[in-house]
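# Per-entry structural report
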Amino acid sequence: TAWTVLAPQVIEKATATRFLIRLCLISLGRGDPDLRVALLKLLTARAAAKARESPEELQLLAATTVLHIEDGAGYGRDRIASMAKLVAASLTAQQPTDSAEFVLGCFLSQSVEAGEVARLRILLLSEVFEVHRTPRAVALLARTAPHLQNLLGGDAEPRLLPLWRAWQLQASRSWASVGAAQSVFELARHSPNTATRLLARYPDLLLAQRLELGSEAEVIPILICIRGVSVGDVLVADPDVKLQLSENRRQILMGSDCVEFASRLPETFPELVRNWLRYRVETLLPQEEPTSTPPESGEVWRWVRPFTQQCPNCGTVSTVLPGTIGMAVPQ
């Protein structure tokens with residue numbers, strides 16, 4: 001009734017903008033997309049024409065676009081990939097950065113599975129890293145935008161550095177000397193169901209190797225994460241941990257844990273796990289960005305400007321996020 005009776009009567013009224021935003025949000029995952037598709041297109045066009053002049057219209061544009069993406073999921077479209085591109089458009093192009101914040105706010109207002117949120121984070125970072133945005137720059141924006149901070153998690157920069165490193169190494173695939181692995185970015189892009197399942201359990205995943213045991217059906221995933229290397233849901237981080245196969249080669253001792261498999265493991269399996277442990281520590285876990293990384297540029301400060309306020313006493317412009325100390329922004 002709201003879409004077929006009420007909305008058509010107020011679609012052009014500026015006083016109805018907040019009502020239309022709430023209507024879009026409450027319709028996520030509800031109702032009949034076919035009944036509202038034509039009106040949703042009109043709403044999106046109206047909001048797009050006024051978005052640069054009005055924060056409310058920018059919020060309406062975010063709400064209508066997110067609803068359009070969610071409605072398309074019923075027809076087999078990849079909603080998470082579409083959301084990542086939509087958010088990235090504000091972070092990589094000359095568009096208002098608060099648009100990304102509004103979009104994320106709309107999307108995260110509904111119930112979203114942890115694995116889907118983690119995959120959205122990976123796809124978004126892939127888009128952002130592609131245009132040479134560094135972890136320091138992304139973390140800076142996350143300090144000012146609550147929904148982006150929620151997506152990336154607290155203390156963003158230490159978490160972003162290993163991901164950035166894994167993204168950089170995709171071109172050279174330097175890990176091929178250890179094993180035939182895929183980066184989490186490749187998994188998120190090409191194997192959405194697998195990535196969603198793995199990221200739900202290991203949100204800090206960096207690389208994944210599927211070890212197929214010859215003609216036997218069993219496949220052993222080796223997951224290289226920020227916290228350590230996981231085999232059979234046992235996570236270890238110390239490259240010097242004790243790794244030993246049982247006599248029948250169906251069990252491997254990993255420190256104080258024993259992991260059992262239906263198939264016989266190759267004799268070189270402990271060495272493979274140890275090599276991944278060393279590769280993780282020596283290559284994937286940089287302590288800081290290289291000194292060649294450029295300092296925050298005017299482009300980065302453009303990102304955060306929509307989230308700033310000016311002090312009425314001293315005139316300083318700074319970012320304001322509840323519960324944190326403000327950060328001065330160069331003019």
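Remember, predicted model here, so these are calculated numbers, not experimental data.

### So, unusual backbone geometry
A positive phi angle, close to 70°, is found at D233, a residue other than glycine. Tracing the backbone shows D233 in the loop between β4 (229-231) and β5 (234-236). Despite not being glycine, R249 has its phi angle at roughly 60°, a positive value.

### What to know about the nonpolar core
If you look at the biggest cluster of nonpolar residues, it comprises 107 residues, and the most contacted ones within it are W3, F185, L205, L207, M254, F269 and W276. The element that contributes the greatest number of residues to this core is helix α7 (residues 114-130), accounting for 9 residues. Non-local contacts of M254, meaning those with residues more than four positions away in its chain, are made with V231, V234, V236, V241, K242, L243, V259 and V273.

### So, the layout of surface pockets
Looking at the largest pocket, its volume works out to about 310 Å³. Along its surface, the largest pocket is lined by 19 residues, and R197, L198, R210, P221 and L223 are the ones closest to its centre. When residues of the lining of the largest pocket are traced back to their parent elements, those giving at least two are β1 (181-183), α12 (192-201), β2 (205-212) and β3 (219-225). At 4 residues, the largest contribution of residues to the lining of the largest pocket is made by α12. Within the lining of the largest pocket, the residues separate by chemical class into 9 nonpolar, 6 polar and 4 charged.

### Side note on the environment of R250
Within the secondary structure layout, R250 lies in the loop between β6 (243-245) and β7 (251-254). On the accessibility criterion, R250 (31% relative accessible area) is partly exposed. Counting along the chain gives 11 residues from R250 to F261, while the straight-line C-alpha distance between them is 5.2 Å. Setting aside residues up to four positions removed in sequence, R250 forms contacts with V259, E260, F261, A262, S263 and R264. Polar side-chain contacts of R250 include one of 2.2 Å to the backbone oxygen of A262.

Criteria and cut-off values
- Residues numbered from 1 in each chain as written.
- Predicted model: local features only at pLDDT ≥ 70, side-chain atom pairs only at ≥ 80, totals over all residues.
- Heavy atoms only, no water.
- Helix = DSSP H or I, 4+ residues; strand = E, 2+ residues; numbered from the N terminus.
- Core = buried A, V, L, I, M, F, W, Y, C linked by side-chain atoms within 4.5 Å.
- Buried < 20%, exposed > 50% of the residue type's maximum accessible area, 1.4 Å probe, protein only.
- Contact = heavy atoms within 4.5 Å.
- 1 Å grid on protein atoms, 1.4 Å probe; cavity = no way out; pocket = protein on both sides within 12 Å on 5 of 7 lines; lining within 4 Å.
- Points joined across faces, edges and corners; volume = space filled by probe spheres on them.
- Nonpolar A, V, L, I, M, F, W, Y, C, P; charged D, E, K, R; others polar.
- Polar contact = N/O pair within 3.5 Å; in protein donor to acceptor, adjacent residues only side chain to side chain.

The values reported here are purely geometric and, on their own, carry no functional implication.
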